[in-house]
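Spelled out from the first residue to the last, the chains are:
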Amino acid sequence: MSSRTEYEAVEAELSRRGYTRMVFDLDRITQLLDLLGSPQRAYPAIHLTGTNGKTSTARMIDSLLRAHGLHTGRYTSPHLNTVRERISFDGEPITERRFVSAYQEVAPLAALVDERADESLTYFDMTTALAFAAFADAPVDVAIIEVGLGGAEDSTNVLNAGVCVITPIGLDHTEWLGDTIEEIAFAKSGIIHKGATVITAAQEEDAARPILERCAEVEAAIAREGSEFGVVQRAVAVGGQVLSIQGLGGVYDEIFLPLHGAHQAQNAAVALAAVEAFLGAGANRQLDPEVVREGFAGASSPGRLERVRNAPTILLDGAHNPHGMAATVTALQEEFAFGRLVAVVAMLDDKDAAGVLELLEPVADELVVTRNTSPRALPADRLAAIAEEVFGEERVTVAADLPDAIEAAVALAESDVDGELSGVGVLITGSIVTVADARKLLKR
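Cut-offs used in this document
Residues numbered from 1 in each chain as written. Predicted model: local features only at pLDDT ≥ 70, side-chain atom pairs only at ≥ 80, totals over all residues. Heavy atoms only, no water. Helix = DSSP H or I, 4+ residues; strand = E, 2+ residues; numbered from the N terminus. Buried < 20%, exposed > 50% of the residue type's maximum accessible area, 1.4 Å probe, protein only. Contact = heavy atoms within 4.5 Å. Polar contact = N/O pair within 3.5 Å; in protein donor to acceptor, adjacent residues only side chain to side chain. Phe/Tyr/Trp six-rings, centres within 6.5 Å; stacked < 30°, edge-to-face > 60°. Pairing = 2+ DSSP bridges. Axes fitted to C-alpha atoms, helices over the stretch in contact; angles between N-to-C directions.

Colleague: Help me out: how do you make sense of the environment of Asn157 in this one?
Modeller: The topology assignment puts Asn157 in the loop between β5 (142-146) and β6 (163-166). Relative accessible area serves as the criterion here: at 6%, Asn157 is assigned to the buried category. Here the alpha-carbon distance between Asn157 and Gly195, two residues 38 residues apart in the chain, equals 15 Å. Discounting chain neighbours no more than four positions away, the residues touching Asn157 are Leu26, His47, Gly151, Ala152, Gly190, Ile191 and His193. Within polar-contact distance, the side chain of Asn157 engages the side chain of His193 at 2.9 Å.

Colleague: Would you explain the packing of aromatic side chains in this entry?
Modeller: Aromatic ring pairs are described here by two measures, namely the spacing of the ring centres and the angle between the planes. For the structure shown, the criterion picks out 5 aromatic pairs. Ring centres of Tyr43 and Phe135 lie 6.2 Å apart, and the angle between their planes is 75°; on these two criteria the pair is classed as edge-to-face. On the criterion of sequence distance, the pair formed by Tyr43 in the loop between α2 (27-35) and β1 (45-49) and Phe135 in helix α5 (residues 123-137) is long-range, its members being 92 residues apart. Among the residues examined, Tyr43 registers a relative accessible area of 6% and is labelled buried. Look at Tyr75 and Phe124: their rings are 5.7 Å apart centre to centre, the planes differ by 35°, and that puts the pair in the tilted class.

Colleague: Sorry if this is basic, but what is going on with the sheet that holds strand β9 (residues 230-237) here?
Modeller: The strands that make up a sheet pair up through hydrogen bonds in the backbone, lying either parallel or antiparallel. Read from one edge of the open sheet, 3 strands run β9-β10-β11, paired in antiparallel fashion. In the strand order of this sheet, the two ends are held by β9 and β11 (250-257), each with one partner. Between one strand axis and the next, the sheet turns through 15° on average, direction left out of account. Of the pairings in the sheet, the one linking strand β10 (residues 240-247) to β11 comprises 6 bridges and is antiparallel in character. Each residue of the ladder has a partner; that of Ile245, found in β11, is Tyr252.

Below is the structure:
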């Protein structure tokens, strides 16, 4: 069997496992990792949770640490094009050969765990174990690990990481984590373990309280955006923005970040503080500003206001909840001078579609609704009914699938212009799955 065929077989086996479980606990993943020899103990880790910004922040942390000469392993989710993106070494997805090798190591032991349990290990359990095992085999100097869902009972919460990062917390996954910001923050603060250093973005009071209580309970140190660190200044620049950041060790200025939006500047401040904490910088020690600049200049975050076409400009953005869409809309207003913008939206069934569309409405002249390829996709006709309540029937077009939706959106975007397309844009958004589908169609 060729290595390509082996990889495809592994992908298929993983997918058959399913993505959800009835009972959330760490028993199964702990059993599996014990059988593997606890690979997650082989390297220090930076562990990230939060509602929005986790992947972008993880990618910035990764880039900063690599600029400092460290070999990194990064585990994030979901992926855009291939599951291999979830497990990265030094900023690059794991190779097919290495992925298959890790799976062949883990799969027989996973079968033993499945035999003993009422529920089998999930897709996410398995990719988590694959990442931890692959990072130990490499070996990496540091692992940057993003939670999948919540924190306390997430499969990644076996790390006892020395540095924990909490990005902004909002309402999402309420069916699993709770109906209030406080309940969600309580679940997410479960990644904080004894003696950790916690780096947290600015939070609503209801989110800050459980985080502070957890820190006190486990004697963790905490650094908060707005108190110990934060963005001092930001200016829009071609291809991104220029920042001045107050870090734990002093002010770092003239930082070019090739990402758009105040939310990405906030993510950058959080990432810098996390790397300072990990590398031991603080009141009496600053990181080399040139190395910090190098790290940020090399940062990327595919699918986050990512430009994939010009004339008209086509942007991809994975905003899938009101908190994320609010940040996207602010960035669109501040950094893109569109005279006319058409949005293509496809969402998952469990998301707050009305909340997302209400935020999008003031900046989108027209809306094309469709569905993405996820089995959990919200049907286009149901999304259209919600959209018409927000936009009005005359501004909503329904397309059967994403290729038709993009074609319709480009035609609508160009319909009111006389040959000049520089101020015309199409935004494709609503879900990471939507962005992944669009990237396959549009990204060369």
